[in-house]
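Below, each chain spelled out in residue letters.
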Amino acid sequence: MTSMTEHALMSDPGTSGRFGDYGGRYVPESLIPACHEIEAAFRDAWADPGFRDRLTTLLTVYAGRPTPLTPAHRLSRELGITLLLKREDLTHTGSHKINNVVGQALLAQRMGKRRLLAETGAGQHGVATATAAALLGLRATVFMGERDIERQELNVLRMHVLGAEVVPVTTGSRTLKDACNEAMRHWVASVDDSYYCLGSVMGPHPYPWMVREFQRVIGEEARAQCAAELPAAVPDYVVACIGGGSNAAGTFAGFVDTTARLVGVEAEGGAAATFGRAGVLHGFRSLVLQDEHGQVQEAHSVAAGLDYPGIGPEHAHLRDGGRARYETVTDAEVVRALVRLARTEGIVAALESSHALAWVIRAAESGGIAPGSTVLLTLSGRGDKDIASIKELL
Ligand SMILES: *Cc1c(COP(=O)(O)O)cnc(C)c1O
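Residues numbered from 1 in each chain as written. Predicted model: local features only at pLDDT ≥ 70, side-chain atom pairs only at ≥ 80, totals over all residues. Heavy atoms only, no water.

The protein goes by Tryptophan synthase beta chain in an unreviewed UniProt entry, where it is assigned to Herbidospora galbida. Quoted verbatim from the Pathway (unreviewed entry) field of UniProt, the annotation for the protein is "Amino-acid biosynthesis; L-tryptophan biosynthesis; L-tryptophan from chorismate: step 5/5." Turning to the protein, the UniProt record has this under Cofactor (unreviewed entry): "pyridoxal 5'-phosphate". (UniProt positions renumbered as here; feature names shortened; annotations may be inferred.)

And the structure:
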């Protein structure tokens, strides 16, 4: 086992792609060369100021970065803390996912690929991928479970409007994990002209590392904004919600070398960091929700974007070493948090993001966060998409 001190935390995991006991590259033999090709292309691109400039320009003139840091004045007063919101909800398409897909689409283009493949559950990553593909003149093929297609009609329509092909997956439970399997199978068959655009810090190396690097912009901006805003420069807590863990990883990367306490918040019904056991899922080793026979379990959450039975491997490593901690909240707490933020600050956050807020509210009200503390919370996305689904819960 690699000790926590061997590499600086949240740095380059090297060619093995391992974060302690986790990560790696568990894919069919036929995909190993494709993973090597992407790793080499990403290393080359990430060291190239020209690539970095193009990405920064697109994130600025297209995606709306830098996003503001908004002090939540009224809610802060109620909770007796200073709460700062990093506003990923204000990006183009309304969530942090755009940071990752624009980065990967630029990389695919640089590699001479003409098509992006993606899997999607709730449809948010599919829409983001379709968006980036349209921006750069690439084709997009999105795999989506048949059941999810029925449940997420609006996002399917958005993908069609953006020119993407949506392929229904009819195997297994006909949801996200089946769509992941199908997208991987398809990638094997079309690797010459297709690039697999993964939606979070998961999958085989180099994806968990690469996606964290594309999301690092959240943490770096927030670090500079906190330095300007807070007398102590660094907040006491840095909090983000966790599905696969990309908005949290990007946020934590900006603060991992500080004294800030890092907290990832999962849905109780999808809490791989809390209830998972080590296992291999979709090309990487991490903490995975499984039954007593090692069968992967379905995750359930009021937030479709958190319905994933695993967690990014780097989070598993940060948990084991104690640098970050992982908490769970219930659906009921999440809906209450969404409404409370809306009514105190005039911001309707995504249900996913509201998980992070639900934990902050509970901790501040129970003394888990000391009065007077400063808390940075990444508001990963906007909640317009969720209003209809919570109307019975209000
Ligand atoms: C997809 C999504 C998430 C979960 O993804 P992570 O990789 O864990 O960040 C969180 N919030 C929003 C708004 C999303 O769309």
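A.B. asks: Outline the site of the ligand, supporting the account with residue identities and numerical values.
C.D. replies: Among the 17 residues in the neighbourhood of the ligand, the closest are listed as Lys97, Ser200, Gly243, Ser246 and Ser380. In this structure, an oxygen atom belonging to the ligand sits 2.9 Å away from a side-chain N or O atom of His96. The protein chains hide 96% of the 380 Å² of surface that the ligand would expose on its own. If you map the ligand onto the pockets, it falls in the largest pocket. Of the residues that constitute the shell around the ligand, the class distribution is four nonpolar, eleven polar and two charged. (Near = heavy atom within 4 Å. Polar contact = N/O pair within 3.5 Å; in protein donor to acceptor, adjacent residues only side chain to side chain. Areas by Shrake-Rupley, 256 points an atom, 1.4 Å probe, with all protein chains shown as cover. 1 Å grid on protein atoms, 1.4 Å probe; cavity = no way out; pocket = protein on both sides within 12 Å on 5 of 7 lines; lining within 4 Å. Sits in = over half its atoms within 2 Å of the grid points. Nonpolar A, V, L, I, M, F, W, Y, C, P; charged D, E, K, R; others polar.)

A.B. asks: Now, about the sheet that holds strand S6 (residues 139–145): what can you tell me, with residues and values included?
C.D. replies: With parallel pairing, the four strands of this open sheet are ordered in space as S7-S6-S5-S8. Edge strands, defined here as strands with exactly one partner in the open sheet, are strand S7 (165–169) and strand S8 (194–196). This sheet shows a mean twist of 25 degrees between the axes of neighbouring strands, independent of strand direction. Strands in contact with helix H5 (residues 124–136) are strand S5 (115–120) and S6; relative to S5, the strand with the most contacts, it is inclined by about 165 degrees. With respect to the sheet, helix H7 (residues 153–161) is in contact with S5, S6 and S7, its orientation differing from that of S6 by roughly 165 degrees. (Pairing = 2+ DSSP bridges. Helix = DSSP H or I, 4+ residues; strand = E, 2+ residues; numbered from the N terminus. Axes fitted to C-alpha atoms, helices over the stretch in contact; angles between N-to-C directions. Contact = heavy atoms within 4.5 Å.)

A.B. asks: Can you break down the layout of surface pockets residue by residue, with the values?
C.D. replies: What the largest pocket holds in volume is close to 930 Å³. Ala122, Gln124, Gly305, Glu352 and Lys385 are, among the 47 residues lining the largest pocket, the residues nearest its centre. Mapped onto the lining of the largest pocket, the elements with two or more residues apiece are S5, H5, H7, helix H10 (246–253) and helix H14 (351–366). Here the lining of the largest pocket gets four residues from one element, more than from any other, and that element is H7. Residue classes in the lining of the largest pocket are distributed as 13 nonpolar, 23 polar and eleven charged. Space inside the second largest pocket adds up to approximately 320 Å³. Secondary-structure elements contributing two or more residues to the lining of the second largest pocket are helix H6 (146–151) and helix H8 (176–190). Counting residues per element, the lining of the second largest pocket draws most heavily on H6, which supplies three residues. Looking at the lining of the second largest pocket residue by residue, the class counts come to five nonpolar, six polar and six charged. (Points joined across faces, edges and corners; volume = space filled by probe spheres on them.)

A.B. asks: Give a description of the UniProt feature "modified residue: N6-(pyridoxal phosphate)lysine" (unreviewed entry) in the protein that names residues and reports values.
C.D. replies: The UniProt feature table records "modified residue: N6-(pyridoxal phosphate)lysine" (unreviewed entry) at Lys97. Within the secondary structure, Lys97 sits in helix H4 (residues 97–110). Contact partners of Lys97, with chain neighbours within four places excluded, come to Gln124, His125, Ala128 and Gln215.

A.B. asks: Any details on the sheet that holds strand S10 (residues 261–267)? Residues and values, ideally.
C.D. replies: Pairing within the open sheet is mixed, and its six strands lie in the order S3-S4-S14-S9-S10-S13. Strand pairing shows two members of the sheet lacking a second neighbour, strand S3 (69–71) and strand S13 (324–329), which therefore form its edges. On average, each strand axis in the sheet is tilted by 25 degrees relative to the strand beside it, whichever way the strands run. Looking at chain direction, S3 and strand S4 (residues 82–87) are connected through three bridges and run antiparallel. Bridge pairing in S4 links Thr70 to Leu85. Against the sheet, helix H9 (residues 207–229) contacts S3, S4 and strand S14 (374–379), and its axis sits at roughly 140 degrees relative to S4. Helix H13 (residues 331–345) contacts S3, S4, S13 and S14 of the sheet and is inclined by roughly 95 degrees relative to S13.

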